[in-house]
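# Examination of the molecular architecture
Chain residues, written in single-letter form:
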Amino acid sequence: MNTIILAIESSCDDTSASIIKDGEILSNCTATQDAHKAYGGVVPEVASRAHQVNIIPVVNLALQKAGIAKTDLSAVAFTRGPGLIGSLLVGVSFAKSFALSLDIPLIEVHHMQAHVMAHFAEDPKPNFPFLCLTVSGGHTQIVLVKAPLEMEILGETIDDAAGEAFDKTGKLLGLDYPAGPIIDKLAKEGKAVFDFPEPKIPELNFSFSGLKTSILYFLKRNLKEDPDFIKTNLVDICASVQTRIVSILMNKLELAAKQTGLKEIAIAGGVSANSELRKTLQEKGKELGWTTYIPHIQYCTDNAGMIAVVAHYKFLKGQFTTQDVIPTARYEEI
Amino acid sequence: MLVKNLTDLDQLIPAFIDHAKSARKIMLIGEMGVGKTAFVQAFGKHIGVSEKIKSPTFALINEYTYSDASKTLSKVYHMDLYRLKSIEEALDIGIEDYLDNDAWCFIEWPELIADIWPPDVVQIKFDLLPNSNREILFL
């Protein structure tokens, strides 16, 4: 018998649904991109209410694209946390009712575990144990992945996430939000001529708050002398900031690889779309004999496909959740 | 008050708690990089939050716990409205529920919801001074 799972992700801005059959993803739909084309209508960017509007269309779309009927499903999976409680509630309540009405098991998934397991959505897949640097707008972590559901956080940010460092730099430079992709594009035309300090943070932890402040002071100082400083130097500022963010990430990743002796190295999360990070990872990998893994972009940002992958492994192990489950905003409670 | 470093910030916290303990709803006002999150980190350290307090910009709301004097678990909410575009979006994430309880609630970029601030909020104003110093004012 086939194992077919519907997975739902609603931890932050996007509502997403995915169907996985025997470990192979058949569909991975996100409301902001797909459901609106099919159903029309305007939905606010950030709101739990938006998830309420999106969830039925996006689940229908995922089933339809996969060519799966509701009655074919073996289980329903959902993101339990961490995330925005109002947003999580929508996905959890939906999954519970869906599972109850079809009389099939429920599977809870940890959002950050799913980011790492996104590597198992497609080939090539890393070999265990491996290291994963998860970098997004909300998180920056180095995770030691021992087995599909067995992970240990070796280091993480103590303040801002790497993606936030991009976005807030963008704000200081007058760029649109989210600024990560814009900075990436502008940096290609610039040179890293400005030096921003690398924070001295012990062990494998990260900090990006100090970088933000040093960029702020740097801009203030230069704007005082030249009101057009940003305009004239925009591409070089972008290249300099991006180079520093990437070097902060890579230096810690290299240290983690050295400490653990691992050579299977992966990156995940929305910031892994950054071209400089991808390039540097591959160069570093060549130099140090790493095998590197970067998932396809659709599995890097928040998506239900990665939730489906974790759900598949949990299904095989019989790790199901009872109907009294509640979502949690807190990372440690899962 | 003039704050030159993180130690100065730590020393400010007891006076702040004394000033804000009845209202518990704190509006943090000041430009980016001025130390709003650092202030909440110093508060969390003082009051006994064991987790790392991180920037809430992406998550919008981070939740922490600590044991209060009577050993019951109490909550600290740390919010950032920076990414929101209208008061409707703030209402949609249930902001009124966070403002209407006994928990400590720190809000960065709170100007967006000025219309629904509780009457007894505490405002903290942060200013950048030369040489990386900060001026912090409780209102």
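A brief report on the enclosed structure follows. (Residues numbered from 1 in each chain as written. Chains lettered and ligands numbered in written order. Predicted model: local features only at pLDDT ≥ 70, side-chain atom pairs only at ≥ 80, totals over all residues. Heavy atoms only, no water.)

Core analysis: the biggest nonpolar cluster contains 76 residues, and Phe-16, Phe-39, Trp-104 and Phe-106 of chain B have the highest contact counts within it. When residues of this core are assigned to their parent elements, the largest contribution, 14 residues, is made by helix H8 (residues 229–260) of chain A. Residues within four places of Phe-106 of chain B in sequence aside, it is in contact with Phe-16, Ile-26, Leu-28, Phe-39, Val-40, Phe-43, Val-76, Tyr-77, His-78 and Met-79 of chain B. Formed by 29 residues, the second largest nonpolar core is a distinct cluster that contains Ile-107, Phe-120, Cys-132 and Ile-307 of chain A. (Core = buried A, V, L, I, M, F, W, Y, C linked by side-chain atoms within 4.5 Å. Buried < 20%, exposed > 50% of the residue type's maximum accessible area, 1.4 Å probe, protein only. Helix = DSSP H or I, 4+ residues; strand = E, 2+ residues; numbered from the N terminus. Contact = heavy atoms within 4.5 Å.)

The buried fraction of strand E5 (residues 106–110) of chain A amounts to five of the five residues, a majority that puts the element mostly inside the structure. Of the crossover connections in this fold, the one passing from strand E4 (residues 75–81) of chain A over helix H3 (residues 85–102) of chain A to the parallel E5 of chain A is right-handed. (Right-handed = clockwise from strand over helix to strand, strands pointing away.)

Residue-level contacts link 32 residues of chain A with 31 residues of chain B. Taken together, the two surfaces of chain A and chain B that pack against each other cover about 2,800 Å², and 54% of this comes from carbon and sulfur. The interface formed by chain A and chain B holds three salt bridges in total. Counting the contacts that link chain A with chain B gives nine residue pairs in polar contact (both at pLDDT 80 or more). If you list the elements that add at least two residues to the side of chain A that touches chain B, you get helix H2 (48–66), helix H5 (162–172) and helix H7 (209–225) of chain A. With five residues, H7 of chain A is the largest single contributor of residues to the side of chain A that touches chain B. Its residues assigned to classes, the side of chain A that touches chain B comprises twelve nonpolar, six polar and 14 charged. (Buried area = accessible area lost by both parts, 1.4 Å probe. Salt bridge = Lys/Arg side-chain N within 4 Å of Asp/Glu carboxyl O. Polar contact = N/O pair within 3.5 Å; in protein donor to acceptor, adjacent residues only side chain to side chain. Nonpolar A, V, L, I, M, F, W, Y, C, P; charged D, E, K, R; others polar.)

For the rest of this paragraph, the subject is the packing of H7 of chain A against H8 of chain A. The angle between the axes and the distance between the axes are what describe a pair of packed helices. All names here are of chain A. At a minimum axis separation of 12 Å, H7 and H8 run at an interaxial angle of 160°. One way to sum up the angle between H7 and H8 is to call them roughly antiparallel. Between H7 and H8 lies a crossing of right-handed hand. On H8, the residues touching Leu-211, Ile-215, Phe-218, Leu-219, Asn-222 and Leu-223 of H7 are Phe-229, Ile-230, Ile-237, Val-241, Arg-244, Ile-245 and Ile-248. Here the residues of the contact of H7 with H8 are counted per class, giving eleven nonpolar, one polar and one charged. (Axes fitted to C-alpha atoms, helices over the stretch in contact; angles between N-to-C directions. Parallel < 35°, antiparallel > 145°, perpendicular 65-115°, else oblique. Left-handed = near helix turned anticlockwise from the far one by under 90°.)

Worth remembering: the numbers are spatial, not functional.
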